[in-house]
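Coordinate inspection notes
Here's the letter readout for the chains.
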Amino acid sequence: MKLRHYELIAWGQRHIVWGTLRPVATLQVQEQVALAPFTTLGVGGSARFFARVASENELEEAVAFATKHSLPLFALGGGSNLVIRDEGFHGLVLHLAIGGEMQMSGAGDGIRYDVPAGVSWDDFVLSACEHGLTGVECLAGIPGLTGGTPVQNVGAYGQEVSQTIGSVRVYDRVVRAFLVLTNEQCCFAYRTSCFNTQPSGRYLVTQVSFDLKAGASAALRYPELKSRFLDSTPLPLEVYHVVREIRRAKGMLFSASDPDSRSAGSFFKNPFVPASRLGEIAEEAAVAPASVPHWPAALEDRSAPHVKLAAAWLVQMAGFPKGFSDGAVGISSRHSLALVNRGGAHFSDVARLRDRIREEVYARFSIRLEQEPVELGPETRDPF
Ligand SMILES: Cc1cc2nc3c(=O)[nH]c(=O)nc-3n(C[C@H](O)[C@H](O)[C@H](O)COP(=O)(O)OP(=O)(O)OC[C@H]3O[C@@H](n4cnc5c(N)ncnc54)[C@H](O)[C@@H]3O)c2cc1C
């Protein structure tokens, strides 16, 4: 039996470990790594331990490391839906950067795209659109990595990843094995899935497979998008570029040099309310009911008809306009839902503004806004 060796660097020491199972890459576990630079909002403290995982073998090693040392574990992707608390995280942050080639297969209309978790989401969307495939073109320009997209069922301009995800390859920390979840097993709904509800942290996504269409028309459901093409039928790549343009204009295209985009995206989810409440909400805002931005909501588990309200509108009506400033933080001058770090902000600054907004919205409309980005801090539980 041939022995192979690998190294595990931890607690500043170097352990030489002999294994017999399979060739494994070098896993480096670093100590006290600042997490703010790994996020688009750029606030918060350090991880006690941090490992960049570039393969499934390294992932297993990292999980074993956390188990051996009884450390809570947290999966980090592109950090674009994440807020780090100032106290940091006392466990192991596993940066899931599994890269590699995207694989296309299938013939005719249906094309399957297998995308490693560490591939930039926008790179995948661009590649699909360049191949003339439809299904993800409206999701252009969303920051982060592909492995992060099933977690909150990423969506924009009338598309959600749940509409095209065929399956997701994961490491299941309960059964301690890699397995493939079908779309149905992912339990997708608005901004939720089994990855952030079951409880969060059970599954580590290593690959996402998308079922895309060749030769189909690009999706133009949102009026803002439709109006850009009038009666023409655009190619997926044209939609890709227009969506990015619209996003840039709203500060929703992340760029480190654009302070308006130094955010975690939309900070609040659009709330669902019974349709019967529209009248009183309009009255409170002193507008006609038709002027309250809302969409019909398909909520199978609710008997009364509901609508989805625009959280951005509620925030504005509660007295927080675009460009609002509160010390080192504020609201993007181009997007009412993006809390931005204007430079040197701490988590405490973000939390203070978040709480002020929530309190005002509740006081005025009796609606509790739910935070969209995941929050990581010393109290973050890892039940696995
Ligand atoms: C400017 C801007 C615009 C945005 N626009 C949109 C938008 O239009 N629509 C939308 O839905 N979102 C949007 N977002 C939010 C964000 O980009 C997406 O949610 C994105 O998919 C998060 O991916 P990530 O790799 O950055 O994940 P992270 O922020 O690193 O992590 C988010 C959550 O996913 C988990 N996670 C990440 N990767 C994995 C993995 N491989 N396995 C298991 N768990 C994992 C983390 O543990 C965490 O709980 C925007 C954000 C910004 C900053």
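Parameters at a glance
- Residues numbered from 1 in each chain as written.
- Predicted model: local features only at pLDDT ≥ 70, side-chain atom pairs only at ≥ 80, totals over all residues.
- Heavy atoms only, no water.
- Buried < 20%, exposed > 50% of the residue type's maximum accessible area, 1.4 Å probe, protein only.
- Helix = DSSP H or I, 4+ residues; strand = E, 2+ residues; numbered from the N terminus.
- Arc of directions from axis to C-beta.
- Contact = heavy atoms within 4.5 Å.
- Expected span 1.5 Å × (residues − 1).
- Axes fitted to C-alpha atoms, helices over the stretch in contact; angles between N-to-C directions.
- Left-handed = near helix turned anticlockwise from the far one by under 90°.
- Nonpolar A, V, L, I, M, F, W, Y, C, P; charged D, E, K, R; others polar.

Here we take up helix H5 (residues 278–285). For H5, the full list of buried residues reads Leu-278, Ile-281, Ala-282 and Ala-285. Taken around the axis of H5, the buried residues stretch over an arc of 100°, which confines them to a single face. Of the surrounding secondary structure, the elements contacted by the buried residues of H5 are strand S16 (272–274), strand S17 (294–297), strand S18 (306–309), helix H6 (311–317) and helix H7 (347–365). One or two steps after H5, the chain reaches Ala-286, where phi turns positive at roughly 60°.

Before going further, it helps to spend a moment on helix H4 (residues 236–249). Given a rise of 1.5 Å per residue, 14 residues ought to cover 20 Å, and the 20 Å separating the end C-alpha atoms of H4 matches this to within 8%. Of the residues making up H4, those classed as buried are Pro-236, Val-239, Tyr-240, Val-242, Val-243, Ile-246 and Arg-247. Along its buried surface, H4 packs onto helix H2 (121–130), strand S10 (133–134), strand S11 (155–156) and helix H3 (223–229). Positive backbone phi, approximately 70°, marks Gly-251, located one or two places after H4.

Contact geometry for H2 and H4: axes closest at 7 Å, N-to-C directions at 145°. Here the hand of the crossing between H2 and H4 comes out left-handed. Counting all contacts with H2, which are made through Asp-122, Val-125, Leu-126, Cys-129 and Glu-130, the residues of H4 involved are Pro-236, Leu-237, Tyr-240 and Arg-244. For the contact of H2 with H4, a count of residues per class yields 6 nonpolar, no polar and 3 charged.

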